[in-house]
Every structure is written in C-alpha cells, then in structure tokens.
Amino acid sequence: MAATAAFALATQLAIANAHASPAPHAAAGPAGAQAGTSYTAAEVLAGVKKNSTAANQVNTKPHINTMTRAQNVNVYQVATGVYAYSSGMAIDDDGSDPDPDPDHQGDTTFHDSNGKALAAHHVPFFVLGDDCWDRKTPCPHFFYKEHGMSGRQFALMFYNGKVIGSIFGDTQTANDQTTSDNDSRELGEASVKAAQLLGIPSSGTTGGVDNGVTVVMFSGPSWVVNGANADLNNNAQALVQKALDTLGAAMAGTNPPPGGTLFEAESGTLSAGGTFDDNHSGFTGTGFANTANAAGAYVDIPVTVSAAGTKTLTIRYSDGTSGARPATISVNGTSHGTLDFPVTADWDTWSTVSISVPLNAGANTIRIAGTTSGGAANIDSVTVS
C-alpha cells in the first residue's frame, strides 16, 4: 500500500481504544480510506496482535496447545466476526493421502463441494474442537458453532513473515471419543498442506512447530470457500488479499459495535430494485445491501442462534444523504418497531444502531424495511449478541 495509507493505519491502530468492551475493536473503515486500499500481511498481523487483549478475549477457560500440551491458548475477537488465536502447529494427515495420521483417521469432519474427504496434502485446513468440552452454553472455550462458523470457513494463517489462506476442515476429538490424548479444547492443528505453504516441517509424526502460528478466522456464510480437493487451495489463496484488506480496514475503524456473531447483509435477499454493491469503502464481507429508493423497500438477512431468547441486533449502516432513513425491523414476519438510522458523514462512513428482539433457536430472518421514499440506509451487516 502507499506509504501514507500505511502510516494512517498504523496511527489509527496506535490510538485505538485500549479499554474496549469484550467486543471487537473494528467496524468502520479507516477515516479517509479510498476504495481499493490495500494492506500488507505485516500491517494486519500487527493489528491482530494489538487487538488480542483481555478485553477482547472470547474464551473464559484456556485452550490446550496441541503441540506443547500447555493450557495457554486464547481466542480473541479482533474485529466484528473475526477471531484469532496464536499457538503451535501440529500436523494433520487425515484424508486419502499417504503418510497416514498417527491417530489413523481416514476421513475429515468436513468435505469438499463434491462430498470427498479433504486431502491433507492438497488442501490447507485448520482444526477446531468438535463440540463444547464443558457442556455449557455459552461455551467457556471457543466453540465454532456459537460464532457463525461452519465447514470450509476461511482463515488467514501467519507464520515467520508468511501468510496463507486456509479453511476449516477437521475437528478435534469430541467428548464421546477417546482417540489418543486429544480433546476438543485443543487448538493448533493444521493440515500437511498448510504446514508446507508456511515452511513448517510437515511430517505427521515428526513435523510441526511449538509456537508462532497465528490463525485469523472469518465467520459468516460469505467467507465459506467452495470447491473440490483439486482447487480448494487455489480458491483459498485467491481470498488472501481480500481478507487482508477487509480486516485492515475494519481494524482501523473508530466505531466498534458490540461483540457477537456477525451476519453479512449480502447473504440475504432484497426486494425489487435493490442491489448488493461494493462501490463504497469500509464495508465488511464482500459488499453491502442497497435497497430501492421506495417506502417499504427491504433487505432480509438470515441469522442463526443456538438458543431462543431476547438478543441484541446491532445493524451496521451508512447514510450519506442529508436526512435520516428510518426503517421497520421485523423478525420472522413480526414487526418490532421502527429504528432511526441517522445521517453519517458520507457513504464511506459507517455507524451502528441497535434493537433488542426475540429470536428462535436456529434460523431466523431479520427484515430491515425503509419507511420513507428513500428506502433503507445502506446495510452492511447485523451482529447478534
């Protein structure tokens, strides 16, 4: 990136609020950033480390470093819907490749788009716990199902000056299994291919590294990587710069929403005349929802929660006009009132509004419907907490 942009990011990260709540530091893009701003791996990793603070820690009990067995690995929400941990790397050989896994597992938990076991020698993947070891909700350890993650979820992996794209491919032993000394509290295992790309010894029996690997996981359906074993690696690497730019812009923001699970607006549907756009900077994911300019124009955003109850919806939006754009908020077809979406400085500046609503366990649909002739504001995401 240009020297001035790099300096701006570094400056904004340096003055970020060090006393934030257990929420992400990130939401809006950097002040004055232009569409297409590019961030380096070193800049983003520095921001991730800066945001990996006790205030942003997700787990309340430490995880086990798979390589060293020390219970000293924590997970941090470094931006809205983005989670990071640093640990060693143990080598996972699961799948149909040679050099079989020491635990003799012939399959991976998740599969490619054709239903085939992920080939550890061809696909860079990372490993998380299969269930909540503690049998509690919310889980005291980081449990992916509580944070908008599923199979083939994208992550950046950093080690020794390198960065690669990786996907969520396998899980550690669940509570009802007894394979070796693994359990679902462990963090730090990744496939042969991930190790090779990062320059880490990749033998399933003698490879790995004790520390220094940082994994940054992007939640939500827009960050799930599709493809077959033959092309999943290329598909993951193709997302690296986009992920660096998205996270770099987010961490340079100054308007953090509460922590929770993020759902991108572009995962939903729009009423007639609406479009999903990316022509303004600072959005997360791949874009934002731009409804038609008409009263009643809406975007429907699917969200899922593990348990029913009253939740807080934090809606990230921009409104570069001269007047507020109020919208009715409905859940599963029932209106829960109207929210005002105040004017922002311009269309590249993002803000948030919040409302508490009842959600069902499992799938829900959030509708944001404009009440004036301008339609709704541009909607970037909904965070559920």
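Residues numbered from 1 in each chain as written. Predicted model: local features only at pLDDT ≥ 70, side-chain atom pairs only at ≥ 80, totals over all residues. Heavy atoms only, no water.

*Asks:* Hey, could you run me through the overall build of the chain in this one?
*Replies:* The secondary structure content of the chain amounts to five helices and 20 strands. For the chain, the proportion of its 385 residues judged to be buried stands at 56%. Long-range pairs, those at least 24 residues apart, make up 75% of the contacts in the chain between residues at least 6 apart in sequence. Per element, the accessible surface of the chain, about 14,700 Å² overall, is 51% carbon and sulfur. (Helix = DSSP H or I, 4+ residues; strand = E, 2+ residues; numbered from the N terminus. Buried < 20%, exposed > 50% of the residue type's maximum accessible area, 1.4 Å probe, protein only. Contact = heavy atoms within 4.5 Å. Areas by Shrake-Rupley, 256 points an atom, 1.4 Å probe, with all protein chains shown as cover.)

*Asks:* Please clarify how the confidence of the model for the chain should be interpreted in this entry.
*Replies:* Keep in mind that low pLDDT regions are not for reading the predicted coordinates in detail. In the predicted model, the chain carries a mean pLDDT of 83, and 83% of its residues have values of at least 70. Taken together, the stretch residues 1–36 has pLDDT below 50 and engages in 85 contacts with residues farther than four places along the chain or on a different chain. Throughout residues 254–258 the model reports pLDDT below 50, and contacts reaching past four residues in sequence, or to other chains, amount to 22 contacts. (pLDDT = per-residue confidence, 0-100.)

*Asks:* Just checking my understanding: could you explain the sheet that holds strand E14 (residues 298–305) for this structure?
*Replies:* Whether parallel or antiparallel, the strands of a sheet pair through hydrogen bonds between backbone atoms. Across the sheet, which stays open at both edges, the five strands sit in the order E11-E14-E19-E16-E17 with antiparallel pairing between neighbours. Both edges of this open sheet fall to strand E11 (269–270) and strand E17 (334–339), since each of them pairs with a single strand only. Examined bridge by bridge, E14 and strand E19 (residues 362–370) share eight bridges and lie antiparallel to one another. From the neighbouring strand, Val305 faces E19, where its bridge partner is Gly362. (Pairing = 2+ DSSP bridges.)

*Asks:* What is the right way to look at the state of the cysteines in this model?
*Replies:* Working definition: the covalent bond between the sulfur atoms of two cysteines is a disulfide. Taken as a whole, this structure holds one disulfide when the rule is applied. Through a disulfide, Cys132 is tied to Cys139; the S-S separation comes to 2.2 Å. As the torsion about the S-S bond is roughly 90 degrees, the Cys132-Cys139 disulfide counts as right-handed. Across this residue pair, the class does not change: Cys132 and Cys139 are buried. (Disulfide = S-S within 2.5 Å.)

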